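Spelled out from the first residue to the last, the chains are:
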Amino acid sequence: MKQLNLYYLGGGGPSPEIPDGKTVVPVGVVETWIACAGRSEAYTTLAEVIADATCLNALMASTNAVDYLVRSTSFITTLVDDEDAMTAMGLSNYCANTLLADSSWKSGIFRSAYIDKVLNDSTPYMTSDNTPSGQMLSSSVGNNNYAYYAADSNNSNAWRSSADAQYGRFNAGDYIGYEFNHPVNAYMIRLLIKPASNVRTMGIAIQCTNDATWTDLVTESGDSDKFDKYYEVTPGNLYTKFKMIVTVSSNFSNCDSGVGIFRVYGRKDI
């Protein structure tokens, strides 16, 4: 009697006609990526795949094709620069979580203009301190430089505390942050401190909490014009509140600084 192959029964991985996405070489070949999903399109470029929504979504939804994709780091720039590709990544939990677990793909996703398509549980672009959701946190507000300016869509705006308002300096204890209305699995925090003039040395800590006890995620010191960074957060712990607090004052007048961006990026399964 002819023995049944477990591949055909779904018990052992891809069928013999389908390459094994975890091992097949070479990587970075569009035709092989398509074959890993068991599809027959004759595309040879990523542009062709992206233009076909049915094919693109099928590739991102196939665990075997994703296993090949994560190894194909030459695809990163093209895919993370495309809104449709990033959307398809975010709609597949296996795809999003697999790519975020790889340092090269994670770096590309973090710097994509469409990061919210994959990191789908993030600080929204705020239009007030509590709109559209959550709550901005701040030690104070100076000269109508509101807390939500650190999380709106206009990076030319910046939050300043009342101590900063006249001289544009940071005092120890000044903080800006955001509170979600649910616990968040954070991957990255984007911080931009804007020194319009007169760079000063200062220290910061990025902190998180679920209650009144704050935990440091990052501590750093340096010139105020160097705080234009993406701070990676080890995922797996859920927090509701995040903030950047000044630990060492910039200590001089006329620093003319403000926080242009403070946004938390997290992921939840869909």
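It should be emphasised that the depicted structure is a prediction, and the values quoted were computed from it without experimental measurement. (Residues numbered from 1 in each chain as written. Predicted model: local features only at pLDDT ≥ 70, side-chain atom pairs only at ≥ 80, totals over all residues. Heavy atoms only, no water.)

Chemist: How would you sum up the overall build of the protein? Please name residues and give values.
Modeler: Check the secondary structure of the protein and you find 10 helices and 7 strands. Long-range contacts, defined as pairs at least 24 residues apart, comprise 69% of the intrachain contacts of the protein with a sequence gap of at least 6. For the protein, the accessible surface area stands at approximately 12600 Å², while carbon and sulfur atoms represent 47% of it. (Helix = DSSP H or I, 4+ residues; strand = E, 2+ residues; numbered from the N terminus. Contact = heavy atoms within 4.5 Å. Areas by Shrake-Rupley, 256 points an atom, 1.4 Å probe, with all protein chains shown as cover.)

Chemist: Outline the environment of E48, supporting the account with residue identities and numerical values.
Modeler: Checked against the element boundaries, E48 lands in helix 2 (residues 46-51). The exposure class of E48 is partly exposed, given its relative accessible area of 32%. It is 9.6 Å that separates the C-alpha atoms of E48 and V30, two residues lying 18 residues apart in sequence. Within the structure, E48 has its side chain in polar contact with the backbone nitrogen of T44 (distance 2.8 Å). (Buried < 20%, exposed > 50% of the residue type's maximum accessible area, 1.4 Å probe, protein only. Polar contact = N/O pair within 3.5 Å; in protein donor to acceptor, adjacent residues only side chain to side chain.)

Chemist: Go over the layout of surface pockets with me, naming the residues and quoting the values.
Modeler: In this structure, the largest pocket encloses a volume near 230 Å³. In terms of lining, the largest pocket is formed by 17 residues, of which the most central are Y125, R190, I261, R263 and Y265. The set of elements that each furnish at least two residues to the lining of the largest pocket consists of strand 2 (175-195) and strand 7 (257-266). Here the lining of the largest pocket gets 4 residues from one element, more than from any other, and that element is strand 7. Partitioned by chemical class, the residues of the lining of the largest pocket number 9 nonpolar, 4 polar and 4 charged. (1 Å grid on protein atoms, 1.4 Å probe; cavity = no way out; pocket = protein on both sides within 12 Å on 5 of 7 lines; lining within 4 Å. Points joined across faces, edges and corners; volume = space filled by probe spheres on them. Nonpolar A, V, L, I, M, F, W, Y, C, P; charged D, E, K, R; others polar.)

Chemist: Can you lay out the pattern of salt bridges for me, pointing to particular residues and giving the numbers?
Modeler: Going through the model one piece at a time under the given rule, you end up with 5 salt bridges. Of the charged contacts, one joins E220 and K229 as a salt bridge, the two residues approaching to 2.3 Å between their closest N and O atoms. (Salt bridge = Lys/Arg side-chain N within 4 Å of Asp/Glu carboxyl O.)

Chemist: So what's going on with the pairing of strand 4 (residues 215-223)? Which residues, and what values?
Modeler: Two elements, strand 3 (residues 201-209) and strand 4, share 8 bridges in a ladder whose sense is antiparallel. Each bridged residue has a counterpart across the sheet, and for G203 the counterpart in strand 4 is S221. (Pairing = 2+ DSSP bridges.)

Chemist: Lay out the packing of aromatic side chains with the relevant residues and their values.
Modeler: According to the stated counting rule, one finds 7 aromatic pairs in the structure shown. Note on W33 and F75: the rings are 5.5 Å apart at their centroids and 50° apart in plane angle, and the pair reads as tilted. With W33 in helix 1 (residues 30-36) and F75 in the loop between helix 4 (63-69) and helix 5 (76-80), this residue pair connects regions lying 42 residues apart in the sequence. Seen from their ring centres, F180 and F242 are 6.0 Å apart, and the 85° between their planes marks the pair as edge-to-face. Of this pair, F180 sits in strand 2 while F242 sits in strand 6 (residues 238-248), and the two are 62 residues apart along the sequence. Accessibility classification places F180 together with F242 in one group, the buried group. (Phe/Tyr/Trp six-rings, centres within 6.5 Å; stacked < 30°, edge-to-face > 60°.)

Chemist: I'd like a rundown of helix 3 (residues 53-61), residues and numbers included.
Modeler: Taken together, the buried positions of helix 3 are C55, L56, L59 and M60. Relative to the axis of helix 3, the buried residues are bounded by an arc of 130° and lie together on one face. Those residues of helix 3 that are exposed and aimed more than 90 degrees away from the buried face are T54 and A61. Looking at the buried positions of helix 3, the neighbouring elements they touch are helix 1, helix 2, helix 4, helix 5, helix 6 (83-91) and helix 7 (93-100). (Arc of directions from axis to C-beta.)

Chemist: For the side chain of S112, give the residues involved together with the corresponding values.
Modeler: Tracing the sequence through the fold places S112 in the loop between helix 8 (103-110) and helix 9 (115-118). A polar contact of 2.9 Å, which involves the side chain of S112, links it to the backbone nitrogen of Y114. Aside from chain neighbours lying at most four places away, what touches S112 is V80 and M86.

As far as function goes, none of this settles anything; it's purely spatial.
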